[in-house]
Amino acid sequence: MDISVIIFYIISVVITGGALLAVTSKQIFRAAVYLIFSLLGVASMYFYLENNFIAAVQIVVYVGGIVVLIIFSIFLTQNSGHRLKKPDGKRVFFSALSVLSALLLTLNVIGNYNFKSNSNNTIEPEIKNIGMQMLSTTQYGYLLPFEVVSFLLLAAMIGCIVIALKRN
Amino acid sequence: MNRIFLYSFTEMALYIHKLLENAITNTVLLQITELAIIGVTLLISLVILCFFLGWMERRVAAFMEIRLGPNRVGPQGTLQIVADTVKLLFKEGLTPNKSDKFLFNLAPFIVVTASMLAIAPLAFAKNFSIYDINIGVLYVSSVSSLSVLGILMAGWSSYNKYSLLGAMRSGAQIVSYELSVGLSLIAIVVLSGNVSLGEIINSQQNGWWIFKGHIPAIIAFVIFIIASTAEINRAPFDLAEADQELTGGYNTEYSGMKFAMFLLAEYINLFIVSAMAATLFLGGWMPFHIGDWESFNKIMDYIPSSIWFMGKTFIIIFIIMWFRWTFPRLRIDQLLNLEWKYLLPISMVNIIIVTLIAIMGWHF
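Conventions and cut-offs
- Residues numbered from 1 in each chain as written.
- Chains lettered and ligands numbered in written order.
- Predicted model: local features only at pLDDT ≥ 70, side-chain atom pairs only at ≥ 80, totals over all residues.
- Helix = DSSP H or I, 4+ residues; strand = E, 2+ residues; numbered from the N terminus.
- Rg over C-alpha atoms; globule rule 2.2 N^0.38 Å.
- Buried ≥ 20, exposed ≤ 12 C-beta atoms within 10 Å, placed from the backbone.
- Contact = placed C-beta atoms within 7 Å.
- Core = buried A, V, L, I, M, F, W, Y, C linked by C-beta atoms within 7 Å.
- Axes fitted to C-alpha atoms, helices over the stretch in contact; angles between N-to-C directions.
- Parallel < 35°, antiparallel > 145°, perpendicular 65-115°, else oblique.
- Nonpolar A, V, L, I, M, F, W, Y, C, P; charged D, E, K, R; others polar.
- pLDDT = per-residue confidence, 0-100.
- Domains from an automatic or database assignment.

Asker: Help me get a handle on the overall build of chain B, residues and values and all.
Answerer: Counting secondary structure elements, chain B contains 15 helices and two strands. Taking 2.2 N^0.38 as the reference for a compact globule, 364 residues should give roughly 21 Å; the C-alpha atoms of chain B span a radius of gyration of 22 Å, in line with that estimate. Dimensions of chain B, computed from the C-alpha atoms along their principal axes, are close to 65 × 55 × 45 Å. Classification of the 364 residues of chain B by burial places 43% in the buried group. Partitioning the contacts of chain B with sequence separation of at least 6, the portion at a separation of at least 24 is 76%.

Written as structure tokens, this is what we have:
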């Protein structure tokens, strides 16, 4: 077996194992820690695919940003150190049902999508190309989605400030 | 470039590579061996570096307070820190009874690993770095943001209110000061038009960015030093481990080698921050060059690049240690005010000015 295949499987085990532990853990802080491992695994998968920029962004945004916020909210919650109760049967049943249907849907889409390599139209994943692509208005440009996302984030920021400013 | 030193780090690395290539024919085995050698060398040199920084910190503190500092163990007290390490090795590694044992023992490793990862793209001498990744600046800032997770983990799992308070303070501090650090790094990225550390150093061939980028580069440098001092939890921003208020903060419950690992991570972070400042603003290993003064630049080239790099780094380390004995500790509200009301707006305006300079080509 090739060494890169072995590395691929190690990363995959970390991603899926971390994700599984995150949802099955009884302590909410531990679940957040397992989530970190899963997200770091995804980042290392990007490194493995030689897409360094996306990998670094994955670490900055998800691990350094979102998980830290999750941990903060855990710290600020009461009783967060206690063990979680076992969920009742009805909840388990319906969550299992929704997860199964999502899994089937994803498998169906992946199965029907025949992965063709479009070698004539690839762009090197360099930071400069990504930036140009983000702001380009040509056919494969991303200016509109970029602007829409910026508006969404701006609205979220203004919402946060309004909530924080509210007195009494 | 003329070479008066027969041995440079680059040649040494090449020599070892050739030697290994002859000895080991299997390429996979060769790569693994080389990785192992790099790892062991890095570990040993980092431990030696931390010994030195620990000694330097105490001596600088003593110098600032007009006393002698450690001077009995070994010449000039250099072996004091070795004695301290031996003491820590023999201490019992306590784990509090009600703590979350798994996370409690994991936290020091996360902190140390995060700081060691950030070493990779740093160039210690000319063409001598572990892995000059093409997104160097972004990589260092992303990887160093991981250490806050270790600190939060340590604070939570210790089952101690002081630890938790320290961890919360540290988290708030690191997350907010990261913005200023990032923005001041972006100033240099905009000026040099590159994110790879190697390319940024090469762009300082005719002068360091702190001189070429006019006043905005100096502002960015000052903001970087202030914000990164806060990010590595050093005085005057050491609220997270304020001994007098929190009996040590997030590492209160740690003892023995686990405590030593936090200390190790702190010194490695200090080194990384100073090395990044030296690389981005002061040219890294690049000798002091002025424009096209050929003969002056030639003379400067005679000083080896590793000495340039280490000299700049240690001057910045000295300045950060100097802070510690000059400024009183900030309160948490003052700390957050400083970031959100002063440093962040200043660095945002600074970015706009830097961008203007870069577009108009006003820099040298």
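Still more ground to cover, so stick around.
Asker: Talk me through the overall build of chain A; I want residue IDs and the actual numbers.
Answerer: Helix and strand content of chain A: six helices and zero strands. Counted from the first residue to the last, chain A has its helices and strands arranged as α-α-α-α-α-α. Whereas a compact globule of 168 residues would reach a radius of gyration of roughly 15 Å, chain A reaches 20 Å, over 25% beyond that. Its C-alpha atoms give chain A principal-axis dimensions of roughly 55 × 55 × 30 Å. The buried share of chain A, reckoned over its 168 residues, is 12%. At a minimum sequence separation of 6, the contacts of chain A that also span at least 24 residues come to 46%.

Asker: Account for the nonpolar core, with residues named and values stated.
Answerer: Residue and element names in this part refer to chain B. Counting residues in each nonpolar core, the largest one holds 111 residues, and the members touching the most others are Ile 188 and Ala 277. A total of 17 residues in this core trace back to one element, the largest contributor, which is helix H12 (residues 256-281). For Ala 277, the residues in contact, after removing those within four places along its chain, are Phe 221, Phe 224, Ile 225 and Ile 316.

Asker: Go over the packing of helix H2 (residues 27-64) of chain B against H12(B) with me, naming the residues and quoting the values.
Answerer: Residues and elements named next belong to chain B. Interaxial distance between H2 and H12 falls to 9 Å at its minimum, and their mutual angle equals 90°. By the angle between their axes, H2 is roughly perpendicular relative to H12. Residues Leu 46, Leu 49, Cys 50, Leu 53 and Gly 54 of H2 form the contact with H12, whose participating residues are Leu 264, Tyr 267, Ile 268, Leu 270 and Phe 271. Its residues placed into classes, the contact of H2 with H12 shows nine nonpolar, one polar and no charged.

Asker: So what's going on with the confidence of the model for chain B? Which residues, and what values?
Answerer: When pLDDT is averaged along chain B, the result is 84; 96% of the residues meet or exceed 70. Per-residue pLDDT stays below 50 along residues 1-6 of chain B; that stretch engages in four contacts with residues further than four places along the chain or on separate chains.

Asker: Can you break down the domain arrangement of chain A residue by residue, with the values?
Answerer: In terms of domain boundaries, chain A breaks down into domain 1 (1-81) and domain 2 (122-168). The C-alpha-based centres of domain 1 of chain A and domain 2 of chain A are spaced at 24 Å.

Asker: Mind laying out unusual backbone geometry, listing which residues take part and the relevant values?
Answerer: Phi at A:Glu50 is positive, roughly 60°, even though this residue is not glycine. Along the chain, A:Glu50 falls in the loop between helix H2 (28-48) and helix H3 (52-76). If you check the backbone angles, B:Tyr159 has positive phi at about 60° while not being a glycine. Classification of B:Tyr159 as partly exposed rests on a count of 15 C-beta atoms within 10 Å.

Asker: Residue-level account of the interface of chain A and chain B, with values.
Answerer: The interface is formed by 18 residues belonging to chain A together with 20 residues belonging to chain B. When contributions to the side of chain A that touches chain B are tallied by element, the ones reaching two or more residues are H2 and H3 of chain A. Residue composition of the side of chain A that touches chain B, by class: 15 nonpolar, two polar and one charged.

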